[in-house]
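# Coordinate inspection notes
This is what each chain is made of:
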Amino acid sequence: MSEKDELTSLKNIAAPAPDDKARTAALTAAMTAFESAREGVSEKNREPVQGSGLLGRLKSIVRDLGRTSIMDYRVPIGAAVIGILLTPLALQLINSTALTPANAPVPVVTGENQPETAEEALRQDGEAGGTVENRANTETAANKTDLNDALPQPAPEPVVEPAPRTLPDADESAPMGNLAASEPQEAEQDFTGADVQELMVRDQAAPTDRSRTLSLDDVVNTEPASVPPSRAPQPMLMSKQAAGQPAPDAAMAGGMFSSEEGYVMPERPNGDRFEDFENSPLKVAAEEPVSTFSIDVDTASYAYVRRLLEEGRLPSPGAVRVEEMINYFRYDYPLPETGDAPFEPTISVFQTPWNPETRLMHVALNGRAPAEIDNPVNLVLLIDTSGSMDEPDKLPLLKRSLMLLLDELGEDDTISIVTYAGSAGTVLEPTSASEKAKIARAIETLNPGGSTAGAAGIELAYSLAEEARIDGGVNRVILATDGDFNVGISEPEQLKDFIADKRDEGTSLSVLGFGSGNYNDALMQALAQNGNGNAAYIDSFREARKVLVEEVGSTLETIAGDVKIQVEFNPAVVAEYRLIGYETRGLAREDFNNDRVDAGDIGAGHQVTAIYEIVPVGSSAVSVDPLRYGEEDEGEPVVSDGPADEFAFFKLRYKAPGESESRLIEQPVTAANEMAFGELPEDVRFSTAVGAFGQKLRDVDQLAGFSFEDIREIAADARGEDEGGYRAEFLSLVDLADSLSARR
């Protein structure tokens, strides 16, 4: 039989029947294998039972870690990394926002000055430069229960007192902002409150992107944002211990005043200089019946005071010139109906708001405003490009302002640009204003750098003005600067004489002030007065638009020169009087008829306001007793009484453009000029409120009982149409001053 046949035969053999014992064993083995697979447990990976050896337990832990996904660690790892990265930023934030100056000495805590109560601890925390919130809560802590007995008192730890540090000596012309970056130097003087004051001068203006070249259309067509009335910010406080010294002298600090919690910010930034002057005195009409002064159309004082108030500072008295505060606003005073006179005085007499026993004599002038500037203009821009002008509210703001002025000039006008910084130079030769692109490029090339050589620049500017002189036109130099001159004609009197000589030759000078920190207002005012020009302070683009666009005719075109006012009071009706403002514009009685004596000019569309407070004869407000032998004392002439219905006699002299002989306007002030306060025009009432505000800031005695709220009530009632929103802005300034004065 073959192999194939054997296999075939085997296939055909029937399988034996299964044995019951074998079937049971096979089923048991299969069930055991199934259970082991389902539990997934083997002897190799079975967890060690309680009491296993150390090596076995470690192997188990390692296996558990290996089976854990890395995603389970993302939260704790991420939190740790973020904490490491934010730690240095948090430290930097704490250091940069601390109110205590970095150089201030740390107060020593000894057993003698260890706080004994919670109230004292809070007070010391406020004095040591704690947060404003801590200092504000001091008064609340005063009413709380003494926690001295409830809290354990730790033993005082000795603190090592650091050596005092001083500020480095800084050049007066350097910007205040550079002080923070100066390296501390050793000096014998301690860090004083005046040093802290310098460090706290802040720059309010928004930064300017200098990497972008401004086009004429970009700048000229930019409309200023409206300025909504703002609530009064609380003045920043400086602790006595942080200053390290007692309060500096008020004259040096600009009138810093104290409070129970510390020192309020100084009233004007350190370095700005103003001429101090006394308030106009009260005069007896029987002894000195004549008052003579030059008009003033400057507005610099109001803009500067506005900046300080918006920064949370009260101005020093020298920074407040009441006549400039009043004349800042536009008034719709009556214009002359006939004749060729440039203006016609409008005089009103009414009860004084702050004293019902006196009267105010309000004199208003409104200059004619032509539809456009008639005469061609020869304009030389004298630009300060010294290093101190490298701040957003200085040269960058000045360049944008000049773009506005450029758009107001016509093709018959000529413009030149001279800069001064270290040495004077000509940036733009006399060029027709029609070449606006060329002039705009020249303005954009202005960059700060170097010291200030202003006098040399003035000489060059007048030279260019003479080169491009327009006979019968307007020849004017406009000086734009943040400070004074320290190179060139160093003597102020010599410099003023130089400008006065050029004025007599037919070239006037106006001044635009920028920034703070080294602004020499006193010299700028003297230069503008000697140059027969006006002075303005530019603290914002909105103010630049007001001065160089809305009032460009008043700035460039003169309609009346050497304007003088003289008032003779009638002793039969007026016992005493005082002129409100114009303290720096007084003239001798004989100067009124002397045409060689210079006085202020009035530009096209200018409004001028002068206010006298008069005390009627028999009023309870009379403060000076009459002399027993007054009529015969020392041979003084007897003043005869005038008509019983005349308060005074008003006279005004002015020169028409191109004339050297003055013209006279005169009129009596009688009972017919009297009006009830509520019947006065809104402009008269509003200007009276502004005059009261300026006097209140100067702390004039006569307004001691008149509050800022009273001033605001008058101004709000007389706000009128308020084109441009300047009167609404004034109301917000009154609120700011009220808030700040409460801390005196």
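Up top is the structure these notes are about.
What this report covers is the structure whose coordinates are included nearby. Because the structure is a prediction, the values reported are computed rather than measured.

On to the packing of aromatic side chains, then. Tallied over the full model, the rule gives 23 aromatic pairs. Relative to Phe-329, the ring of Tyr-328 lies with its centre 5.3 Å away and its plane at 80°, an arrangement referred to as edge-to-face. This pair shows no difference in class: Tyr-328 is buried, exactly as Phe-329 is. A centroid spacing of 6.2 Å and a plane angle of 65° characterise the contact between Tyr-577 and Tyr-612, whose relative ring orientation is edge-to-face. Here Tyr-612 lies in strand β17 (residues 607–616) and Tyr-577 lies in strand β15 (residues 574–580), a separation of 35 residues in the sequence. On the accessibility criterion, Tyr-612 (1% relative accessible area) is buried.

Here we take up the sheet that holds strand β4 (residues 283–284). Reading across the sheet, the 5 strands line up as β4-β15-β17-β7-β6 and stay open at both edges, with antiparallel pairing between neighbours. Here the strands that pair on one side only, and so sit at the sheet edges, are β4 and β6 (346–352). Direction of pairing for β6 relative to strand β7 (residues 355–366): antiparallel, over a ladder of 7 bridges. Paired with Gln-351 across the bridge in β7 is Arg-359. Running over the sheet, helix α21 (residues 682–697) touches β6, β7, β15 and β17 and is turned about 115° from β7.

Here the focus is the nonpolar core. Counting 41 residues, the largest nonpolar core has Leu-309, Phe-329, Phe-693, Leu-697 and Phe-730 as its most contacted members. Ranked by the residues each element gives to this core, the list is headed by helix α23 (residues 726–741), at 8 residues. For Leu-309, the contacting residues outside a window of four places in its chain are Leu-314, Pro-315, Phe-693, Leu-733, Leu-736, Ala-737 and Leu-740. Counting residues in each nonpolar core, the second largest holds 37 residues, with Ile-383, Leu-404, Leu-428 and Ala-536 among its members.

Looking now at the pairing of strand β16 (residues 600–603). Across the two faces of β16 the burial is the same, with Gly-600 and Ile-602 and Asp-601 and Gly-603 all buried. In this structure, strand β14 (residues 558–569) lies alongside β16, joined through 3 bridges in antiparallel fashion. Considered in β16, the bridge of Thr-558 is made with Gly-603.

Taken across its 10 residues, helix α19 (residues 541–550) has 9 buried, putting it largely inside the fold. Among the residues making up α19, those that are buried are Phe-541, Arg-542, Glu-543, Ala-544, Arg-545, Lys-546, Val-547, Leu-548 and Val-549.

Let us look at the pattern of salt bridges. Under the criterion given, the structure shown has 27 salt bridges. The partner of Asp-598 in a salt bridge is Arg-503, with the nearest N and O atoms 3.3 Å apart. Linking Asp-598 in the loop between β15 and β16 with Arg-503 in helix α17 (residues 492–504), this pair joins segments that are 95 residues apart in sequence. Given the relative accessible area of 24%, Asp-598 is considered partly exposed. Across the salt bridge formed by Glu-551 and Lys-546, the nearest N and O atoms sit 2.6 Å from each other. Like Lys-546, Glu-551 is buried.

Cut-offs used in this document
- Residues numbered from 1 in each chain as written.
- Predicted model: local features only at pLDDT ≥ 70, side-chain atom pairs only at ≥ 80, totals over all residues.
- Heavy atoms only, no water.
- Phe/Tyr/Trp six-rings, centres within 6.5 Å; stacked < 30°, edge-to-face > 60°.
- Buried < 20%, exposed > 50% of the residue type's maximum accessible area, 1.4 Å probe, protein only.
- Helix = DSSP H or I, 4+ residues; strand = E, 2+ residues; numbered from the N terminus.
- Pairing = 2+ DSSP bridges.
- Contact = heavy atoms within 4.5 Å.
- Axes fitted to C-alpha atoms, helices over the stretch in contact; angles between N-to-C directions.
- Core = buried A, V, L, I, M, F, W, Y, C linked by side-chain atoms within 4.5 Å.
- Salt bridge = Lys/Arg side-chain N within 4 Å of Asp/Glu carboxyl O.

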